[in-house]
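Examination of the molecular architecture
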Amino acid sequence: MIFDTHLHTEFSFDSAEKLEAVLASAKQKNLGVITTEHKDLNYLEAVGFPIDFNVDDYFKAYAPYRSENYLLGIELGLDRGYTAENRRIALGYDFDLVIGSLHTMAGQNLSSRRFFQGMEAGNFYRQYLTYAKEMVEENPYIQSLAHLDYPSRYAPFPELFVEDYPEEFQGLFEALLAADVTLEVNLKRPLEGEVGRSFRSIFTGYQKAGGRFVTLASDAHIAEDIGRNFEDALKLMEEIGLKVCYYKKRERIISER
Ligand SMILES: [Zn+2]
Ligand SMILES: [Zn+2]
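Within each chain, residue numbers correspond to sequence positions counted from 1 in written order. Numbering of ligands from 1 and lettering of chains from A proceed in the order in which they are written. The predicted origin of the model limits local features to residues at a pLDDT of at least 70 and limits the giving and counting of side-chain atom pairs to 80 or more, whereas totals for whole chains, interfaces and linings rest on all residues. Heavy atoms throughout the structure, all of them, feed into the side-chain values; hydrogens and water do not.

**Observations regarding the UniProt feature "domain: PHP" (unreviewed entry) in the protein chain**
Taken from the UniProt record, the annotation "domain: PHP" (unreviewed entry) applies to residues 4–186. Strands are runs of DSSP state E lasting at least two residues, helices are runs of H or I lasting at least four, and both sets are numbered from the N terminus onward. Between the C-alpha atoms that bound residues 4–186 the distance is 10 Å, and the span itself is 40% helix and 20% strand. UniProt positions are given in the numbering used here, feature names are shortened, and annotations may be inferred rather than shown by experiment.

So, in structure tokens, the structure goes:
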């Protein structure tokens, strides 16, 4: 089964979706789903308060729904200084999947357009890709690295291409392989135009570096967005030669269609 490995419900600060609606939408689309609620303790530095939810309550509410098609995960905001606490949370609970995300970099909010003002694209991306590599090395307990394109959604910069930053990408790919962390295909944006070309470049580079697996992620905050752009992603991954997987009890499972 194909799984949507990254989506949010009302345990996330930016979603009001009900698990029941998610499960109904997933069933209708013939997809498995993993809820991955936001925990960004690092937002403390970026905006002055952490983005948080009670993990005990999450398990109490959602674990009874666990099935072959529904699994429990979390999306942890990675940044320097939060590694020990994130590891404690990740390993302290019976998650199926722990996603690592760079929503901030050294305490700077990567979704803030102001942060990018006056910055040069090349300088930023080299720094960002190196930081992502270091975060994977510091947090090897995660199963997947989310939305590498996150800053490209907000910055007034071109999309990321391996050809533009070959050394930095190589370093990141090697770190992912060494930690056995899967690179996520985040499908919040459709794979059209420059975004499609950028994703082809990134995932081809990942495959050439020895990467074999990807997770597919709608990053949905409402039930109807589950599985968005999956058909295009499945086609692209097949062309590149990457296998789609998901995680159950943190073990990788290859999806059969
Ligand atoms: Zn995220
Ligand atoms: Zn997310």
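**Some words on the nonpolar core**
With 78 residues, the main nonpolar core has Tyr128 and Phe203 as its most contacted residues. Contact between two residues is taken to exist if any of their heavy atoms lie within 4.5 Å; hydrogens are not considered. Setting aside chain neighbours within four positions, we find Phe203 in contact with Leu183, Glu184, Val185, Val214, Met237, Ile240 and Leu242. By size, the runner-up hydrophobic cluster in this structure holds 10 residues, among which are Leu97, Ile99, Ala146 and Tyr246. To form a nonpolar core, buried Ala, Val, Leu, Ile, Met, Phe, Trp, Tyr and Cys residues must be joined to one another through side-chain atoms within 4.5 Å. Each residue is placed in one exposure class: buried if its accessible area under a 1.4 Å probe, protein chains only, is under 20% of its type's maximum, exposed if it is over 50%, and partly exposed if it falls in between.

**Things to note about unusual backbone geometry**
Even without a glycine there, the phi angle at Asn30 is positive, about 60°. If you check the backbone angles, Lys249 has positive phi at about 50° while not being a glycine. By the element assignment, Lys249 lies in the loop between β10 (243–248) and β11 (251–254).

**Section: the sheet that holds strand β8 (residues 182–186)**
Pairing between two strands requires that DSSP report at least two bridges joining them. With mixed pairing, the nine strands of this open sheet are ordered in space as β1-β2-β3-β4-β7-β8-β9-β10-β11. The strands lining the two open edges of the sheet, one partner per strand, are β1 (3–7) and β11. Two strands pair when backbone bridges link them, and strand β2 (residues 32–39) and strand β3 (residues 70–77) are joined in this way by seven bridges, in the parallel orientation. Across the sheet, Thr35 pairs through a bridge with Leu72, a residue of β3.

**Some details on the coordination of the zinc ion (ligand 2)**
Metal coordination angles in their ideal form are 109.5 degrees for the four-donor tetrahedron and 90 or 180 degrees for the six-donor octahedron. The rule for donors is simple: an N, O or S atom within 2.8 Å of the metal counts, and for Na, K and Ca the reach is 3.2 Å. Water is not among the atoms, so a site may look short of donors. Protein ligation of the zinc ion (ligand 2) involves His6 (NE2), His8 (NE2), Glu75 (OE) and Asp219 (OD), the donor distances falling in the range 2.0 to 2.4 Å. Irregular is the default label, applied whenever a site is not tetrahedral (four donors, all angles between 85 and 135 degrees) and neither square planar nor octahedral (four or six donors, opposite donors over 155 degrees apart, all other angles between 65 and 115). Considering all four donor atoms around the zinc ion (ligand 2), the spread of angles at the metal, 82 to 168°, places the coordination shape in the irregular class. Going along the chain, you hit the donors of the zinc ion (ligand 2) in the pattern H-x1-H-x66-E-x143-D. In this structure, the zinc ion (ligand 2) lies 3.4 Å from the zinc ion (ligand 1), and both are coordinated by Glu75. With a relative accessible area of 1%, His8 lands in the buried category.

**What about the environment of Lys29?**
Here Lys29 lies in the loop between α1 (19–28) and β2. Exposure remark for Lys29: the relative accessible area of 30% places this residue in the partly exposed category. Once you skip the residues sitting within four places of it in the chain, Lys29 turns out to touch Ala223, Glu224, Asp225 and Ile226. Residues adjacent in sequence count toward polar contacts only when both atoms are side-chain atoms; beyond that, a polar contact is any pair of N or O atoms within 3.5 Å, and within protein one must be able to donate a hydrogen and the other to accept it. Here the side chain of Lys29 touches Ile226 through a polar contact of 3.0 Å, landing on its backbone oxygen.

**A closer look at the pairing of β2**
Counting buried residues along β2, eight of its eight residues qualify, which places the element largely inside the surrounding structure. Side chains Gly32, Ile34, Thr36 and His38 project from β2 onto one buried face, and the interleaved Val33, Thr35, Glu37 and Lys39 project onto a second face that is buried too. Relative to β2, β1 runs parallel, the two sharing three bridges. Of the residues in β2, the one forming a bridge with Leu7 is Thr35. For the crossover from β1 across α1 to β2, the handedness is right-handed. Note on handedness: a crossover is taken as right-handed if, strands pointing away from the viewer, the path from the first strand over the helix to the second is clockwise.

**Details of the environment of Ile89**
Among the secondary structure elements, Ile89 is positioned in helix α4 (residues 83–92). Ile89 sits in the buried class, given a relative accessible area of 5%. Counting along the chain gives 13 residues from Ile89 to Leu76, while the straight-line C-alpha distance between them is 9.1 Å. Aside from chain neighbours lying at most four places away, what touches Ile89 is Lys39, Leu41, Val55, Ile74, Leu76 and Phe95.

**So, the pattern of salt bridges**
Oppositely charged side chains can pair when the atoms bearing their charge come close. For this document, the term salt bridge refers to a Lys or Arg side-chain nitrogen within 4 Å of an Asp or Glu carboxyl oxygen. Counted by the stated rule, this structure contains 17 salt bridges. The partner of Asp96 in a salt bridge is Arg66, and the shortest N-O contact between them spans 3.1 Å. Here Asp96 is found in the loop between α4 and β4 (97–101), whereas its partner Arg66 is found in the loop between α3 (55–62) and β3, with 30 residues between them in sequence. Here Arg66 falls in the partly exposed class, since its relative accessible area comes to 25%. Among the salt bridges present, the one from Arg189 reaches Asp149, with a minimum N-O distance of 3.1 Å. With Arg189 in the loop between β8 and α9 (193–208) and Asp149 in the loop between β7 (144–145) and α7 (150–154), the pair connects residues that are 40 residues apart, well separated along the chain. Arg189 sits in the buried class, given a relative accessible area of 16%.

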